[in-house]
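What follows is the residue order along each chain.
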Amino acid sequence: MERTKMTTKTMVVGSLLTALVFVLQFMGAAIKFGTFSISPVLIPIVIGAVTCGKGMGAWLGFVFGGAVLASGDAAIFLQFSVVGTVLTVLLKGAGCGFAAGLVYELVCKTIKKPYFAAVAASLICPVVNTGIFLLGCKLFLMDAVAHLAGGGVDLGKFMIFVLVGANFLVEMAVNIIFAPAIVYIIKVVSKDKDR
């Protein structure tokens, strides 16, 4: 698949993954760990990033951010800062997709092992997603964090251990489990390219 221009195949793959991102985000809204929902939505973002490039990863992540806003997952933060919440949610989505594609490309160029590149992309995606969320909380949403934490709690520890702890670990585990499937998809796409 041509990674530098938009081919028909890229548009089809991108459209299917865009729809899948929406479906997984809204289905995942029903699975709650604490305040936040858990969904396997990062998987199609990684698949798009490694098969179609970092631009597609960024697009799928942006769509993920839009779906988070539409699903009501960010409602508590919107009460405190609409602009800060929207920026944080959209940037964390687009950033994690872009980073997954960038890491995949860099690892492939460096060691030429698509399996390791896909695993690295699968790992960096939730790290960047969570990191940008924490940064957005620190910059824009500390009033919301304080409200969620209640009184007498270290807000930094609350953010790490309560807001993102379980969510991050589940996202990381899901991506690690599904990394082999991502590699398989890459191999199928690569074989198809050679026809």
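Above this text sits the structure in question.
Each value, and the rule that gives it
- For every chain, the first residue of the written sequence is number 1, and numbering continues from 1 onward in sequence order.
- Side-chain atom pairs in this predicted model are given and counted only at pLDDT of 80 or more, local residue features only at pLDDT of at least 70, and totals for whole chains, interfaces and linings cover all residues.
- To get the side-chain values, all heavy atoms of the structure are used, and hydrogens and water are removed first.
- Helix and strand assignments come from DSSP, with helices taken as H or I runs of at least 4 residues and strands as E runs of at least 2, each series counted from the N terminus.
- Expected span of a helix, by definition, is 1.5 Å for each gap between consecutive residues, and there is one gap fewer than residues.
- Between buried and exposed lies partly exposed: a residue is buried under 20% and exposed over 50% of the maximum accessible area for its type, with that area taken using a 1.4 Å probe on protein chains only.
- The arc in question is formed by the directions pointing from the helix axis toward the C-beta atoms.
- Any two rings among Phe, Tyr and Trp, with Trp reduced to its six-membered ring, count as a pair given centres within 6.5 Å; such a pair is stacked if its planes are under 30 degrees apart, edge-to-face if over 60, and tilted if neither.
- Nitrogen and oxygen atoms within 3.5 Å of one another constitute a polar contact, given that in protein one can donate a hydrogen and the other can accept it, and given that sequence-neighbouring residues count only through two side-chain atoms.
- The contact rule is simple, with two residues in contact once any of their heavy atoms fall within 4.5 Å.

Colleague: Where do I start with helix α1 (residues 8-28) in this structure?
Modeller: Since the α-helix packs 3.6 residues into each turn, any two residues three or four apart lie on the same face. Here α1 spans 30 Å end to end across 21 residues, near enough to the 30 Å set by a 1.5 Å rise per residue. For α1, every residue scored as buried is listed here: Thr-10, Gly-14, Leu-17, Thr-18, Val-21, Leu-24, Gln-25 and Gly-28. Looking straight down α1, one finds that the buried residues subtend no more than 140° of arc, so they occupy a single side. Along α1, the residues that are exposed and aim more than 90 degrees away from the buried face are Thr-8, Leu-16 and Met-27.

Colleague: How should the packing of aromatic side chains be read in this particular structure?
Modeller: The geometry of an aromatic ring pair comes down to the distance between the two centres and the angle between the two planes. In total, this model carries four aromatic pairs according to the counting rule given. Plain terms: the ring middles of Phe-22 and Phe-26 are 6.2 Å apart, the flat faces sit at 10° to each other, and that makes the pair stacked. Of the two residues, Phe-22 and Phe-26 both sit in helix α1, four residues apart, roughly one turn of that helix. Assessed through its relative accessible area of 40%, Phe-26 is described here as partly exposed. Both rings, one in Phe-77 and one in Phe-133, keep their centres 5.8 Å apart while their planes meet at 85°; by these two values the pair is edge-to-face. Note that Phe-77 is positioned in helix α4 (residues 75-78) and Phe-133 in helix α6 (residues 114-140), a separation of 56 residues in sequence. Both residues of the pair, Phe-77 and Phe-133, count as buried.

Colleague: What exactly am I supposed to notice about the side chain of Thr-7 here?
Modeller: Following the sequence through the fold, Thr-7 ends up in the segment before α1. One polar contact links Thr-7 to Thr-10, side chain to side chain, over a distance of 2.8 Å.

Colleague: Please clarify how the environment of Phe-80 should be interpreted in this entry.
Modeller: Looking at the secondary structure, you find Phe-80 in the loop between α4 and α5 (82-111). With a relative accessible area of 35%, Phe-80 lands in the partly exposed category. The sequence separation of Phe-80 and Met-142 amounts to 62 residues, and the corresponding C-alpha distance is 8.9 Å. Beyond its immediate chain neighbours, meaning those up to four positions away, Phe-80 contacts Asp-143, Ala-144 and His-147.

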